[in-house]
Amino acid sequence: MSASLKRKIAGVKVRFYKRTAGGNLAMDFVVDEERFQESTGWPHIADAERVALARIEEIKRTRLSLGTAAVVKGEMATVGDIEQALRAGDKVMDEKTLARYLAALKHLARFVSVTKQGEISDEDVTAVPLDRIIDRAVLERWISVQQGRNGAGVNWRDRAPGNVGINSTLRNAASVFQERLVMSHYKGLRLPPLEPLRKMPALPVPPTHFVPWPVEKIAAMDAAGRALKEADAELWLCHAMLRRLGLRDGELLEARGSWIVWGEAGEAWLDIRPRQPMDGEPGFDCFKHGRPRKLGLDAELQAALRGRTGWLIAPEMKDSRRYDFIYREHCAWLRGFVPEGRTMVNHELRKLAASVVYTQHGLAAAAYFLGDSVATTERHYASWTGEIGRAHV
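Residues numbered from 1 in each chain as written. Predicted model: local features only at pLDDT ≥ 70, side-chain atom pairs only at ≥ 80, totals over all residues. Heavy atoms only, no water.

A.B. asks: Break down the nonpolar core for me, citing the residues and quoting the values.
C.D. replies: Judged by nonpolar contacts, the single largest core of 90 residues is most densely connected at Phe177, Tyr186, Met241 and Leu270. Of all hydrophobic cores here, the second largest spans 14 residues; its members include Val14, Phe16, Leu25 and Ala52. (Core = buried A, V, L, I, M, F, W, Y, C linked by side-chain atoms within 4.5 Å. Buried < 20%, exposed > 50% of the residue type's maximum accessible area, 1.4 Å probe, protein only.)

Here is the structure:
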């Protein structure tokens, strides 16, 4: 192969080259006056072209979804700029969650800014530009170091226990750049393409298995749920959608009336899929690389949701209040019914709902219901053969 090859891909001139003989091809191109130099992860030109096309399309989609923020000129936003924006104006989430997300972003910032003397100061961390962090090659190098491989490539194969913490750090850092925050708090800041962080593949982790709830816990929760509908209809709706649809908290927080597909024969579905910003509504990306799915709404949920055009849950509340309503108030109500020792309270309903689908309809149906791969679902449920009866709340 020659020193470099040039191709025009999706209207962008791309130069491919190898840094070392026998290594993977790197790509070098410019979009909107910003230069990108990244590894394709492949040694052959056909594969490299495919990666380049996907990367260019990602960048263009991100620029489009960022709206005015995408064309902001001037210096790249820093970690400190993001922290300041999040702490200004309306509360975006509870302080403990915000601190955890920002700590993850600062952890990555420290990695790219270490000196010969070691760790840098907190003040210096806040000055790190985001484009030094949100870069696929940088993130893979960080993963490799965390795995004890000293930067010599990522081990994508082994289910190492340490991968749990690595995945958590990347997921928390990516949460700083949720679409709703980009649209509401980062306008006027120059951001890099966010896809390398948002779409970083999760590392394989040791299998974890669903542990059934005691039957009496389920019965007590469902009885309390029926009483809750009379006492607080909105909190009941929050509970019923988590309980019956197996939604993640973040999916319920983002769900809008436009997500509901109404059929002609009285049926309805909640359509969870990636969406571009449109008609004043923010875009949406499936969480944790999840897959699109349509979840059937029973008659009771249809009656509660019909006519809602904005947020499906607590539409009259401010974003920070809605966040607390789902993540804190519902958790506080539910906690007394969740088996002891389980910390992800709302998420237990997702597991419980999936276990019902698994026992009644099988592995493939449970995977679709969750928006997960069959392999992921199998790791959680295939070793469990108990039966749990369906009970409406």
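A.B. asks: Explain the packing of helix 13 (residues 319-334) against helix 14 (residues 345-361) to me, and be specific about the residues and the numbers.
C.D. replies: Contact pair helix 13 / helix 14: the axes reach a minimum separation of 8 Å and the direction vectors enclose 75 degrees. The orientation of helix 13 relative to helix 14 falls into the category roughly perpendicular. Contacts between helix 13 and helix 14 pair Ile326, Tyr327, His330, Cys331 and Leu334 from the former with Val345, Asn346 and Leu349 from the latter. The class makeup of the residues in the contact of helix 13 with helix 14 is six nonpolar, two polar and no charged. (Axes fitted to C-alpha atoms, helices over the stretch in contact; angles between N-to-C directions. Helix = DSSP H or I, 4+ residues; strand = E, 2+ residues; numbered from the N terminus. Parallel < 35°, antiparallel > 145°, perpendicular 65-115°, else oblique. Contact = heavy atoms within 4.5 Å. Nonpolar A, V, L, I, M, F, W, Y, C, P; charged D, E, K, R; others polar.)

A.B. asks: Please provide a residue-by-residue account of helix 10 (residues 233-245), values included.
C.D. replies: With 13 residues, helix 10 should cover 18 Å at 1.5 Å per step; its first-to-last C-alpha distance of 17 Å lies within 8% of that length. Burial analysis of helix 10 places 12 of its 13 residues in the buried class, which makes it a mostly covered element. Turning to helix 10, its buried residues number three or more, namely Glu234, Leu235, Trp236, Leu237, Cys238, His239, Ala240, Met241, Leu242, Arg243, Arg244 and Leu245. One or two positions beyond helix 10, positive phi appears at Gly246, with a value near 65 degrees. (Expected span 1.5 Å × (residues − 1).)

A.B. asks: Requested: an account of the sheet that holds strand 4 (residues 34-39), with residues and values cited.
C.D. replies: Spatially, 1-2-3-4 is the arrangement adopted by the four strands of the open sheet, whose pairing is antiparallel. Since the sheet does not close on itself, it has two edges, and those belong to strand 1 (4-9) and strand 4, each with one partner. Going from strand to strand, the sheet's axes swing by 20 degrees on average, the running direction of each strand aside. In terms of strand pairing, strand 2 (residues 12-18) meets strand 3 (residues 25-31) through five bridges, oriented antiparallel. Pairing of Val14 across the sheet is with Phe29, part of strand 3. (Pairing = 2+ DSSP bridges.)

A.B. asks: Give me the lowdown on the pairing of strand 4, citing residues and values where you can.
C.D. replies: Burial along strand 4 is one-sided: the residues Glu34, Phe36 and Glu38 are buried and none of Arg35, Gln37 and Ser39 is. With six bridges connecting them, strand 3 and strand 4 associate as antiparallel partners. Bridging across to strand 4, Val30 finds its partner in Arg35. The turn linking strand 3 back onto strand 4 is made up of two residues, and Asp32 within it adopts a positive phi angle of 50 degrees.

A.B. asks: Tell me about the side chain of Asp324, and please be specific about residues and values.
C.D. replies: Mapped onto the fold, Asp324 is located in helix 13. Not counting chain neighbours up to four residues away, the residues in contact with Asp324 comprise Lys91, Asp94 and Glu329.

A.B. asks: If you had to explain the packing of aromatic side chains to someone new, which residues and values would you point to?
C.D. replies: This structure, assessed with the given rule, holds six aromatic pairs. The interplanar angle of 20 degrees and the centroid separation of 5.4 Å between the aromatic rings of Phe29 and Phe36 together place this pair among those described as stacked. Neither residue differs from the other here; Phe29 and Phe36 are each classed as buried. Summarising the aromatic geometry, the rings of Tyr323 and Tyr327 are spaced 4.1 Å apart at their centres and angled 10 degrees between planes, so their arrangement reads as stacked. With Tyr323 and Tyr327 both in helix 13, this residue pair falls four residues apart, about one helical turn. Among the residues examined, Tyr323 registers a relative accessible area of 3% and is labelled buried. Looking at Lys229, its charged tip hangs above the ring of Trp236, at a distance of 4.7 Å from the centre. For Arg256, the ring lying beneath its charged end belongs to Trp311, and the centroid distance is 4.2 Å. (Phe/Tyr/Trp six-rings, centres within 6.5 Å; stacked < 30°, edge-to-face > 60°. Lys NZ or Arg CZ within 6 Å of the ring centre and 35° of its normal.)

A.B. asks: Can you explain the environment of Asp319? Please cite residues and give values.
C.D. replies: Counting through the fold element by element, Asp319 comes out in helix 13. The partly exposed category is assigned to Asp319, whose relative accessible area is 33%. Considered as a pair, Asp319 and Arg180 are 139 residues apart in the sequence and their alpha carbons are 9.4 Å apart. Apart from residues lying up to four places away in sequence, Asp319 is in contact with Arg180 and Trp311.

A.B. asks: So what about the pattern of salt bridges? Which residues, and what values?
C.D. replies: With the rule as written, the count across this model stands at 29 salt bridges. Note that Glu38 and Arg55 form a salt bridge whose closest N and O atoms lie 2.7 Å from each other. Of the two residues, Glu38 is situated in strand 4 and Arg55 in helix 1 (residues 45-66); the sequence distance between them amounts to 17 residues. This pair shows no difference in class: Glu38 is buried, exactly as Arg55 is. One salt bridge connects Arg50 with Asp47, and the closest N-O pair in it is separated by 3.5 Å. (Salt bridge = Lys/Arg side-chain N within 4 Å of Asp/Glu carboxyl O.)

A.B. asks: Would you mind going over the layout of surface pockets in detail, with residue names and values included?
C.D. replies: There is about 1,100 Å³ of room inside the second largest pocket. Of all the elements in the fold, those that place two or more residues in the lining of the second largest pocket are strand 3, strand 4, helix 1, helix 5 (136-146) and helix 8 (195-198). Broken down by element, the residue count for the lining of the second largest pocket peaks at seven residues, all from helix 1. For the lining of the second largest pocket, the residue count by class is 14 nonpolar, 13 polar and 15 charged. (1 Å grid on protein atoms, 1.4 Å probe; cavity = no way out; pocket = protein on both sides within 12 Å on 5 of 7 lines; lining within 4 Å. Points joined across faces, edges and corners; volume = space filled by probe spheres on them.)

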